Each structure stands twice: as C-alpha cells, then as structure tokens.
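So you can see what is in the structure, the chains are spelled out below.
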Amino acid sequence: MNGDLKKIQVVGNYFIEVWKACGMDMTHVEFKWASEEINKNPEKYWTLVMDIAGKNSLQRILRCCTIMGRKEGDELSAA
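Residues numbered from 1 in each chain as written. Predicted model: local features only at pLDDT ≥ 70, side-chain atom pairs only at ≥ 80, totals over all residues. Heavy atoms only, no water.

A.B. asks: I would appreciate a short explanation of the overall build of the protein in the present structure.
C.D. replies: Across its full length, the protein carries 4 helices and 0 strands. Each helix and strand of the protein, placed in order from N terminus to C terminus, yields the pattern α-α-α-α. Within the span of the protein, comprising 79 residues, buried residues form 4% of the whole. For the protein, the accessible area works out to roughly 7300 Å², and carbon and sulfur atoms hold 58% of it. (Helix = DSSP H or I, 4+ residues; strand = E, 2+ residues; numbered from the N terminus. Buried < 20%, exposed > 50% of the residue type's maximum accessible area, 1.4 Å probe, protein only. Areas by Shrake-Rupley, 256 points an atom, 1.4 Å probe, with all protein chains shown as cover.)

Pasting the structure below:
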C-alpha cells in the first residue's frame, strides 16, 4: 500500500467487515484510526515517540522489525 492512508483505511474497513461476518461481538468495540488519534494531540504523540526513541537502540528497533514481517536484511526506511 506504500504508505497510502486511503488504501490503508480501505483495508482496515475490510477487516472490520470480516470480524463482523465472523460473528465478533461489536457492542464494546471501538475502532480508531491511528492517523486521526495522532492528529488530535500531536505534541503528546511526538513527546512519546522521542521518549521511546531515546530509550531504545537502533539494533533493538531493527530486531523488532522482524516481528512486523520484515527480514533483518531488508532495506528499511529511517522513518
């Protein structure tokens, strides 16, 4: 999806429909778009990002990328 938020939201909406079709009880579920939550309070978000970045090494972050489906040798964006 190459970071296209519109495409990401389309996929997210498909997942919501899949969960409904599978019989998931939606009465206590609230879906939030991360982009909207970040934009509501960007100062708090970026303070948290910088705090996390300062407490973690680059090596640790790269190891976490493998959890997100990336391979250790993959070319990764600095973002």
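A.B. asks: Please explain the packing of aromatic side chains as it appears in this structure.
C.D. replies: Two measures describe an aromatic ring pair: the distance that separates the ring centres and the angle between the ring planes. The tally for this structure, following the rule as stated, stands at 3 aromatic pairs. On the numbers, 4.9 Å between centres and 80° between planes, the contact of tyrosine 45 with tryptophan 46 is edge-to-face. Accessibility expressed as a relative area gives 30% for tyrosine 45, which makes it partly exposed. Tryptophan 46 gets classed as partly exposed once you look at its relative accessible area, which sits at 49%. An aromatic cluster is built from Phe15, Trp19 and Phe31, whose rings are joined through pairwise contacts. (Phe/Tyr/Trp six-rings, centres within 6.5 Å; stacked < 30°, edge-to-face > 60°.)

A.B. asks: Hey, could you run me through a nonpolar patch on the surface in this one?
C.D. replies: Taken together, the side chains of Phe15, Val18, Trp19, Met24 and Phe31 present a nonpolar region at the surface, about 450 Å² in accessible area. Within the fold, phenylalanine 15 resides in helix α1 (residues 5–21). When its relative accessible area of 45% is taken as the criterion, phenylalanine 15 is described as partly exposed. (Patch = residues over 30% accessible without salt bridge, like charges linked within 9 Å, V, L, I, M, F, W, Y side chains within 5 Å. Salt bridge = Lys/Arg side-chain N within 4 Å of Asp/Glu carboxyl O.)

A.B. asks: In this structure, what is going on with α1? I would like to understand it.
C.D. replies: Quick reminder: α-helices carry 3.6 residues per turn. Residues three or four places apart thus point the same way. Under the 1.5 Å per step criterion, the end-to-end length of α1 is 24 Å for 17 residues, consistent within 8% with the ideal 24 Å. Its side-chain oxygen 3.0 Å from the backbone nitrogen of lysine 6, aspartate 4 forms the N-cap of α1. Immediately beyond the C-terminal end of α1, within one or two residues, lies glycine 23, with a positive phi of roughly 90°. (Expected span 1.5 Å × (residues − 1). Polar contact = N/O pair within 3.5 Å; in protein donor to acceptor, adjacent residues only side chain to side chain.)

A.B. asks: Mind showing me how you'd approach the pattern of salt bridges here?
C.D. replies: Oppositely charged side chains can pair when the atoms bearing their charge come close. By the definition in use, this model includes 3 salt bridges. Between glutamate 37 and lysine 40 there is a salt bridge; the shortest N-O distance is 3.1 Å. One end of the pair is glutamate 37 and the other is lysine 40, both in helix α2 (residues 34–40) and 3 residues apart, which spans about a single turn. Lysine 55 is the partner of aspartate 51 in a salt bridge, and the nearest nitrogen-oxygen pair spans 3.4 Å. Taken together, the residues span about one helical turn, with aspartate 51 and lysine 55 both in helix α3 (residues 42–55) at a distance of 4 residues. Accessibility expressed as a relative area gives 35% for aspartate 51, which makes it partly exposed.

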